[in-house]
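# A look at the structure
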Amino acid sequence: MTYLPTPEHEELRAMVRELAEERIAPRAAEIDEKAEFPWDLKELLAKQDLLGTCFEERHGGTALDTIAQSIVVEEIARADATTSLIPIVQKLGALPILIAGNDEQKDRYFPRLASGEWLIAFGLTEAAAGSDVASNHMRAARDGDQYVLNGSKRFITHGSIANVLTVFALTDPEAGGRKGMSAFIVETDTPGFAAPRVEHKMGIRGSPTAELTFDDVRVPVENRLGEEGDGFKIAMATLDRSRLGIAAQAVGIAQGALDAAVAYAADRMQFGQRVVDFQGIQWMLADMASQTEAARQLTYAAAARVDAAASDLPYWTSSAKLVAGDTAMRVTTDAVQVLGGYGYITEYPVERMMRDAKITQLYEGTQQIQRLVVARQLLQRAGIGARPRERRETGA
Amino acid sequence: MKIVVCIKQVPATGADKRYTDDLRLDRAGVEAIINPLDEYAIEQALRLQDAGTVETVSYLSMGPEQASEALRRALAMGGDDATLITDPALVGADEWTTAKVLAAALDKLAPDVALMGMASDDARGSLVPGAVAAMRNLPLLSYGAELTVAGDEARVRRLSSTGFDWIAAPLPVVASVTDQVGEPRYASLKGIMAAKRKPLETWSLADVGLSADDLHGAALTRVTDARPPEAKPPTERVENLPAAEAAAKIADWLAARKLI
């Protein structure tokens with residue numbers, strides 16, 4: 001059993017860290033304040049080949065292992081959570097195609113996604129269907145060699161700036177969300193598509209979270225992923241993998257806050273000594289560090305199981321996201337505490353990190369949904385099985 | 001058209017500098033980087049390659065075996081191949097020895113331009129470009145803010161007290177550039193991956209036609225003393241004051257030292 005990062009992982013981390021410290025961190029406060037998508041940093045990440053890490057080399061990607069992909073996200077999130085969503089969502093949106101797409105679909109879209117020329121988004125959540133994915137309403141009616149999409153989506157990260165979406169809609173409303181939902185690739189310049197509204201958010205403010213409307217949006221049959229009715233299965237398989245990106249983001253946010261707290265405490269003088277020399281502060285920093293490390297190691301352990309195609313993958317990725325999200329919230333809150341009043345003002349980055357951390361407990365499955373997933377796997381392992389009410393599949 | 005960029009591996013800029021008993025820089029356990037001033041030479045060469053002016057960019061370094069890491073890092077930024085000259089007889093090499101060995105290697109590699117940074121971050125002698133040009137009997141275009149190559153001529157644009165001078169010389173030349181070249185690029189992920197497959201050769205002294213006897217014990221100069229700079233008094237900060245009060249305080253401070 002290897003339990004150490006490889007030299008390649010270390011080299012990758014050093015590369016992304018240098019880039020993030022020199023080019024991303026100095027932009028973070030402004031991105032947050034103006035709530036503007038950082039197009040310049042999207043270009044930078046594309047140029048450095050950091051948006052194609054999940055794609056094969058024949059599509060222009062770098063085909064990194066999942067631990068390496070986590071390291072990329074983590075190091076960017078350490079500087080700025082908003083910017084880390086660029087590679088996270090590029091993978092999230094592409095995962096349905098990676099999982100269920102055919103070669104023709106991959107060849108058509110992956111080169112433009114791997115190069116960063118195009119952005120993609122993942123359209124699953126609806127206003128009335130968050131955690132309860134199966135309650136989706138959006139329709140896709142077959143009409144000859146096309147599907148006609150009608151309905152709306154909500155809370156779609158990058159939905160208003162993406163060139164293409166993977167979208168979930170009911171092809172058989174009577175069969176319901178679990179059996180009657182299908183997945184489609186939709187280019188956003190298709191007539192009838194609009195992104196009329198972008199949310200005002202507490203954190204990750206530079207990352208547009210959009211409401212999307214589909215008014216007779218016609219999609220060719222060859223843009224359907226898998227078979228009719230595969231949608232729910234594809235969505236769940238996507239989330240089983242994508243939530244690891246959020247775990248990595250959470251670890252990065254926590255590490256960023258810890259590093260800021262250590263630097264501040266080493267500099268700040270009170271009662272004639274450095275704040276960092278007070279044992280009470282040291283204990284806080286030690287807790288923050290060891291919890292962050294635990295979250296990181298669980299994230300890597302889950303990442304290794306993605307590549308090994310482990311049968312109990314949801315157990316690992318949900319555990320990692322649960323622990324990492326809660327850790328990010330706790331560590332950023334403590335970082336604000338270490339900085340005292342200075343932690344509460346925008347002159348220092350930790351208040352932003354605390355606001356950014358909160359989303360990692362909410363999106364790609366709330367922490368409560370992660371617990372349901374972990375518990376279901378736990379009971380399965382024990383051969384007990386869940387009671388029917390809890391057996392309902394849940395996701396986003 | 002071919003450029004060879006000469007690079008040196010140095011301790012990281014912020015690293016603690018320690019000396020061995022014989023007053024050489026102790027490199028053990030210290031993070032090592034490409035001399036930051038050499039990165040501008042790399043950037044200049046790669047820009048010429050990007051523009052299609054130069055076909056081949058090679059790297060050359062003299063140093064211990066671990067200096068191959070610096071060459072790999074340069075290859076990750078771009079370029080085609082690299083050569084490391086390493087030999088036990090080179091331990092303790094000074095500028096003269098370095099220039100002699102680089103000159104011999106450059107004679108063998110025969111580039112149109114041998115390009116260097118203006119100085120190294122650790123020793124800061126700034127002697128090697130001139131010494132290499134003299135030993136190879138080639139023109140030196142030094143301290144360029146920019147290097148251009150056209151036809152059989154190279155030019156550098158050099159900052160002067162009145163503006164810029166353009167200095168031209170027929171190829172082949174030895175040239176050095178400054179940080180005015182512009183920010184060195186970051187290595188891309190594909191660049192890092194590709195660098196592992198690019199050729200990196202290791203040469204001994206014999207491979208460049210020299211022997212230990214040619215080097216007079218690796219150095220003509222001798223370091224007689226080395227010590228860290230004297231600690232500066234702590235910085236006095238003027239903070240959290242209205243502008244007028246702060247300005248008066250700074251003026252008093254300067255006046256007390258007869259600076260204004």
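These lines cover the structure that appears in this document, whether it is placed above or below. Keep in mind that this is a model prediction, so the values were computed, not measured.

### Remarks on the overall build of chain B
Across its full length, chain B carries six helices and twelve strands. The principal-axis extents of the C-alpha atoms in chain B amount to approximately 65 × 45 × 40 Å. Expressed as a percentage of its 260 residues, the buried residues of chain B come to 37%. For chain B, contacts bridging at least 24 residues in sequence account for 68% of all contacts bridging at least 6.

### Overview of the nonpolar core
Residues A:Ala335, B:Val5, B:Leu102 and B:Leu115 are the most contacted members of the largest nonpolar core, which totals 181 residues. With 17 residues, helix H7 (residues 231–267) of chain A is the single largest residue contributor to this core. Excluding residues that lie within four positions of it along the chain, B:Leu115 makes contacts with B:Ile3, B:Val5, B:Ala41, B:Gln44, B:Ala45, B:Leu147, B:Ala175 and B:Val177.

### Examining the interface of chain B and chain A
At the interface, seven residues of chain B touch eight residues of chain A. Considering only residue class, the side of chain B that touches chain A consists of five nonpolar, one polar and one charged.

### Re unusual backbone geometry
Omega for the peptide link from B:Leu171 to B:Pro172 comes to -5°, which places this bond in the cis form. In this structure, B:Pro172 sits in the loop between strand E10 (164–170) and strand E11 (173–177). The phi angle at A:Ala63 is positive, at roughly 45°, despite the residue not being glycine. Tracing the backbone shows A:Ala63 in the loop between helix H2 (39–47) and helix H3 (66–79). By the C-beta count within 10 Å, which is 16 here, A:Ala63 ends up partly exposed. A positive phi angle, close to 50°, is found at B:Ala110, a residue other than glycine. Accessibility expressed as a C-beta count within 10 Å gives 10 for B:Ala110, which makes it exposed.

### What to know about the sheet that holds E11(B)
All names here are of chain B. Read across the sheet, seven strands follow the order E7-E11-E6-E1-E4-E5-E12 without closing on themselves; strand pairing throughout is parallel. Pairing within the sheet leaves two strands with one partner each, and these edge strands are strand E7 (140–144) and strand E12 (200–203). Along the sheet, successive strands turn relative to each other by an average axial angle of 20°, direction set aside. With respect to the sheet, helix H3 (residues 95–109) is in contact with strand E1 (2–6), strand E4 (56–62), strand E5 (81–85), strand E6 (113–117) and E12, its orientation differing from that of E4 by roughly 150°.

### Structural notes on the environment of B:Asp122
All names here are of chain B. Examined against the element boundaries, Asp122 turns out to sit in the loop between E6 and helix H4 (128–136). Overall, Asp122 belongs to the partly exposed group, with 16 C-beta atoms counted inside 10 Å. Considering only alpha carbons, one finds Asp122 and Ile42, 80 residues apart in sequence, at a separation of 18 Å. Aside from chain neighbours lying at most four places away, what touches Asp122 is Val10, Pro11 and Leu25.

### Observations regarding the pairing of strand E3 (residues 146–157) of chain A
Residue and element names in this part refer to chain A. Note: strand E2 (residues 139–143) against E3, five bridges, orientation antiparallel. The residue bridging Arg139 from the neighbouring strand is Asn150, located in E3. In textbook terms, the turn of a hairpin is the stretch between consecutive antiparallel strands, and for E2 and E3 this stretch comprises two residues, one of which, Gly144, has a positive phi near 65°. By the bridge criterion, nine bridges tie E3 to strand E7 (residues 209–220) in an arrangement that is antiparallel. For Ile156, the partnering residue across the bridge sits in E7 and is Ala210.

### Focus on the sheet that holds E10(B)
Residue and element names in this part refer to chain B. A sheet is described by the order of its strands in space; here three strands give the open sequence E8-E9-E10, paired in antiparallel fashion. Two strands in the sheet have a free side with no partner beyond their single neighbour: strand E8 (146–150) and E10. In this sheet, neighbouring strand axes are inclined to one another by 20° on average, regardless of whether the strands run parallel or antiparallel. Here strand E9 (residues 153–159) pairs with E10 via seven bridges, running antiparallel. The residue of E10 that forms the bridge with Ala154 is Ala169.

### Notes on H2(A)
Residues and elements named next belong to chain A. When H2 is considered as a whole, its buried residues turn out to be Leu41, Leu45 and Ala46. Considered in projection along H2, the buried side chains sweep an arc of 145° and stay on one side of the axis. Exposed and oriented more than 90 degrees from the buried face of H2 are Trp39, Asp40 and Glu43. Where H2 is buried, its residues meet helix H1 (7–34) and helix H4 (81–100).

Definitions and cut-offs
- Residues numbered from 1 in each chain as written.
- Chains lettered and ligands numbered in written order.
- Predicted model: local features only at pLDDT ≥ 70, side-chain atom pairs only at ≥ 80, totals over all residues.
- Helix = DSSP H or I, 4+ residues; strand = E, 2+ residues; numbered from the N terminus.
- Buried ≥ 20, exposed ≤ 12 C-beta atoms within 10 Å, placed from the backbone.
- Contact = placed C-beta atoms within 7 Å.
- Core = buried A, V, L, I, M, F, W, Y, C linked by C-beta atoms within 7 Å.
- Nonpolar A, V, L, I, M, F, W, Y, C, P; charged D, E, K, R; others polar.
- Pairing = 2+ DSSP bridges.
- Axes fitted to C-alpha atoms, helices over the stretch in contact; angles between N-to-C directions.
- Arc of directions from axis to C-beta.

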